[in-house]
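Observations on the three-dimensional arrangement
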Amino acid sequence: MSHIAELIAVGTELLLGSISNTDGQMLSQGLSALGINVYYHTVVGDNPQRLKAAIELAKTRSDIIITTGGLGPTCDDLTKNVLAECFGKKLIRDEESARRIEAYFKALGRSVTENNYQQAMLPEGCTILANDWGTAPGVAFEAGSIHVVMLPGPPRECRAMFEHRAVPYLKQLADGEILSRSLRLFGIGESAVEQLLREEMNAMTNPTLAPYANEGEVELRITAKADTQAEAQSLIAPVEQQLKDRLGPLVYGADVPSLESVVLEKLKAKGLTFGCAESCTGGLIAKRMTDLPGASAAFRGGVVSYATQVKHTVLGVPEDLLEQFGAVSDPVARAMAQGARKVLGCDLAVSATGVAGPDPDERGNPVGLIFVALSAPDGTWVRELQAGGIRERSRTVAANHAFDLVRRYLDGLPLKAT
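So, here's what we can say about the structure. (Residues numbered from 1 in each chain as written. Predicted model: local features only at pLDDT ≥ 70, side-chain atom pairs only at ≥ 80, totals over all residues. Heavy atoms only, no water.)

1. Examining the layout of surface pockets
If a probe as big as a water molecule is rolled over the atoms, it shows which places are left empty. Formally: A cavity here means a set of 1 Å grid points, computed over protein atoms only, where a 1.4 Å probe fits but cannot escape. A pocket is an open set with protein on both sides within 12 Å along at least 5 of 7 lines, and lining residues have an atom within 4 Å of a point. Grid points are joined across faces, edges and corners, and a volume is the space filled by probe spheres set on the points. Numbered from the N terminus, helices here are DSSP runs of H or I no shorter than four residues, and strands are runs of E no shorter than two. Only Asp, Glu, Lys and Arg are considered charged, only Ala, Val, Leu, Ile, Met, Phe, Trp, Tyr, Cys and Pro nonpolar, and every remaining residue, Gly among them, polar.
Size it by volume and the largest pocket reaches roughly 1200 Å³. Looking at the lining of the largest pocket, the elements that each hand over two or more residues are helix 2 (22-33), helix 6 (155-171), strand 9 (177-185), strand 11 (217-226), helix 9 (259-270) and helix 14 (391-410). At six residues, strand 9 tops the list of elements feeding residues into the lining of the largest pocket. Among the residues making up the lining of the largest pocket, the classes are represented as eleven nonpolar, nine polar and 13 charged. What the second largest pocket holds in volume is close to 370 Å³. Forming the walls of the second largest pocket are 25 residues, and the residues nearest its centre are Glu13, Gly69, Gly70, Gly153 and Pro154. Counting residues per element, the ones that place at least two in the lining of the second largest pocket are helix 1 (12-15), helix 2 and helix 6. When its residues are assigned to classes, the lining of the second largest pocket shows eight nonpolar, eleven polar and six charged.

2. Observations regarding the pairing of strand 11
To be explicit about the condition: With a 1.4 Å probe rolled over the protein chains alone, any residue whose accessible area is under 20% of its type maximum counts as buried; one over 50% counts as exposed, and the rest are partly exposed. For two strands to pair, DSSP has to find at least two bridges joining them.
Of all ten residues making up strand 11, nine are buried, and the element is well covered by its neighbours. Looking at chain direction, strand 10 (residues 208-214) and strand 11 are connected through seven bridges and run antiparallel. What sits directly across from Asn214, in strand 11, is Glu217. Count of turn residues in the strand 10/strand 11 antiparallel hairpin: two residues, of which Gly216 carries a positive phi of about 80°.

3. Description of empty space enclosed by the protein
Evaluated as defined, the whole model comprises one cavity of 30 Å³ or more. If you add up the space inside the largest cavity, you get close to 40 Å³. Leu7, Ile8, Ala9, Asn21, Asp23, Gly24, Leu27, His41, Thr42, Ile66, Thr67 and Thr68 together form the lining of the largest cavity. Breaking the lining of the largest cavity down by element, the ones donating at least two residues are strand 1 (4-10), helix 2, strand 2 (37-44) and strand 3 (64-68). Counted by class, the lining of the largest cavity contains five nonpolar, six polar and one charged residues.

4. Side note on the side chain of Asp23
Short version of the rule: We call two residues contacting when some pair of their heavy atoms lies within 4.5 Å.
By the secondary structure assignment, Asp23 is in helix 2. Dropping the residues within four chain positions of it, Asp23 is found in contact with Thr68, Pro152, Gly153, Pro154, Pro155 and Cys158.

5. Topic: the packing of aromatic side chains
Defined as follows: Stacked, tilted and edge-to-face are the three classes assigned to paired rings of Phe, Tyr and Trp, where Trp is represented by its six-membered ring and a pair needs centres within 6.5 Å; plane angles under 30 degrees give stacked, over 60 edge-to-face, the rest tilted. In this scheme, the term charge over a ring applies when either NZ of a lysine or CZ of an arginine sits within 6 Å of the ring centre and within 35 degrees of the ring normal.
Evaluated as defined, the whole model comprises six aromatic pairs. With a centroid separation of 5.6 Å and an interplanar angle of 75°, the aromatic rings of Phe87 and Phe141 are classed as edge-to-face. Taken together, the residues Phe87 in the loop between helix 4 (79-86) and strand 4 (91-93) and Phe141 in strand 7 (residues 138-143) connect sequence positions 54 residues apart. Taking the centre distance of 6.5 Å and the plane angle of 40° together, the rings of Phe274 and Phe403 count as tilted. Taken as a pair, Phe274 in strand 13 (residues 274-278) and Phe403 in helix 14 lie far apart in primary sequence, 129 residues in all. Residues Phe274 and Phe403 agree in their burial class; the two are buried. Here a set of aromatic residues connected by ring pairs shows up, and it is made of Phe274, Phe299 and Phe403. For Lys59, the ring lying beneath its charged end belongs to Phe87, and the centroid distance is 4.8 Å. When the ring centre of Tyr212 is taken as reference, the NZ or CZ atom of Arg221 above it lies at 4.5 Å.

6. Things to note about the packing of helix 2 against helix 6
The cut-off we apply is this: Only C-alpha atoms enter the line fits that serve as axes; for helices the fit covers just the stretch in contact. Angles between N-to-C directions range over 0 to 180 degrees. Just so you know how the angles are binned, under 35 degrees is roughly parallel, over 145 roughly antiparallel, 65 to 115 roughly perpendicular, and the rest oblique. Helix crossings get a hand from a simple test, with the near helix turned counterclockwise from the far one by less than a right angle marking a left-handed crossing and a clockwise turn marking a right-handed one.
Where helix 2 contacts helix 6, the axes come no closer than 10 Å and their chain directions differ by 25°. With respect to helix 6, the element helix 2 is oriented roughly parallel. Between helix 2 and helix 6 lies a crossing whose hand is right-handed. Between helix 2, through Thr22, Asp23, Met26, Leu27, Gly30 and Leu31, and helix 6, the contact on the second element is made entirely by Pro155, Cys158, Arg159, Phe162 and Leu170. Considering only residue class, the contact of helix 2 with helix 6 consists of seven nonpolar, two polar and two charged.

7. Focus on the packing of helix 7 (residues 190-203) against helix 8 (residues 229-247)
Contact geometry of helix 7 with helix 8 gives a least axis separation of 13 Å together with a crossing angle of 155°. Regarding the angle of helix 7 to helix 8, the classification is roughly antiparallel. Both helix 7 and helix 8 take part in a crossing whose hand is right-handed. Across the interface between the two elements, Leu196, Leu197 and Glu200 of helix 7 pack against Leu243, Arg246 and Leu247 of helix 8. A class-by-class count of the residues in the contact of helix 7 with helix 8 yields four nonpolar, no polar and two charged.

8. Regarding the sheet that holds strand 7
Read across the sheet, six strands follow the order 2-1-3-8-7-6 without closing on themselves; strand pairing throughout is mixed. Edge positions in the open sheet fall to strand 2 and strand 6 (127-129), since each of these has one partner strand only. Averaged over neighbouring strand pairs, the angle between their axes works out to 15° when direction is ignored. Where strand 3 and strand 8 (residues 146-151) come together, five bridges link them in parallel fashion. The residue bridging Thr68 from the neighbouring strand is Leu151, located in strand 8. Strands strand 3, strand 6, strand 7 and strand 8 of the sheet are contacted by helix 6, whose axis makes an angle of about 155° with strand 8.

And the structure:
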């Protein structure tokens, strides 16, 4: 049976734009991987009448309703109450949930206030989704032909609860096993991928193939359905191999979280160290590396040389290069990477220098012009980019290309030394 899901995000702060609905994006991606179609997203404030209207509408068009938010202890946390009313269920106190709430506060060295016990009031007959990442338990129940899942709103809790609690519940609704495999691509856009693989995607029924655009890269998701996980995997494997053969080095990994995570693992496997010199990226390359657990095994550090003088005094970029070519240039990017290797004492170093905007630089270089470089013991490579006029996108594009240079070098792909 093919299911139709509707996501209802509860919270006035979402409507006001105070926070982004990142839960909705995460849940849509996760449900897609389960083969569950998401047809509707609804955002509603902390108002019982409007929330009730949203739920009643969802009941007419969806057979899976997933809510986020409104499960906390305050007076505006009304999700459970309204859903229980809409589906004719009483709220009863679950003693195990109450004990978990008490233990959570005890571990923090705090006393439980009475309103926190509201979180232990749950719909009768429901499946309780234990929350090991916060206080509010999740809830799942079936009423007629509709399945309801309630998850907490804070993104950290919502993601963990979905992956570890809701997914096992939702998998029981599937007829058979659904398995997905994601290939991550860099160096090609979504439209180019779609054009290249259009015939295959249109012809495929099981498994299916779909592209998804991420910031500066593309994800290709292969999804198969079968009686068992092993059978689903056997359907996916030949398609995955065909795509890898066709796309070659554009594929940087399968079921991996990010380009930098792949780079880190390759550095560690080869026993190499890495550093960076950043100008227009303002420390983004270093941040993305140090966000990864275990980065200290390979990452030596970074220099944010935003000012031209810092490029010279710290990284040793010759003044005549800066005067002749300017800070945003191929020779300076090369010298920055070489200087970072020397200053940081690392095996490999990347650099990024460019015009982030909003205006062209003093030499008339356009906004979005970027040079990234990689320095290694056997040469230096420079890549010129045009990232357009959006400041944040320019920074992301520069960092992505810096990591891609390292990835290609570590994979032994041919590069022309400069």
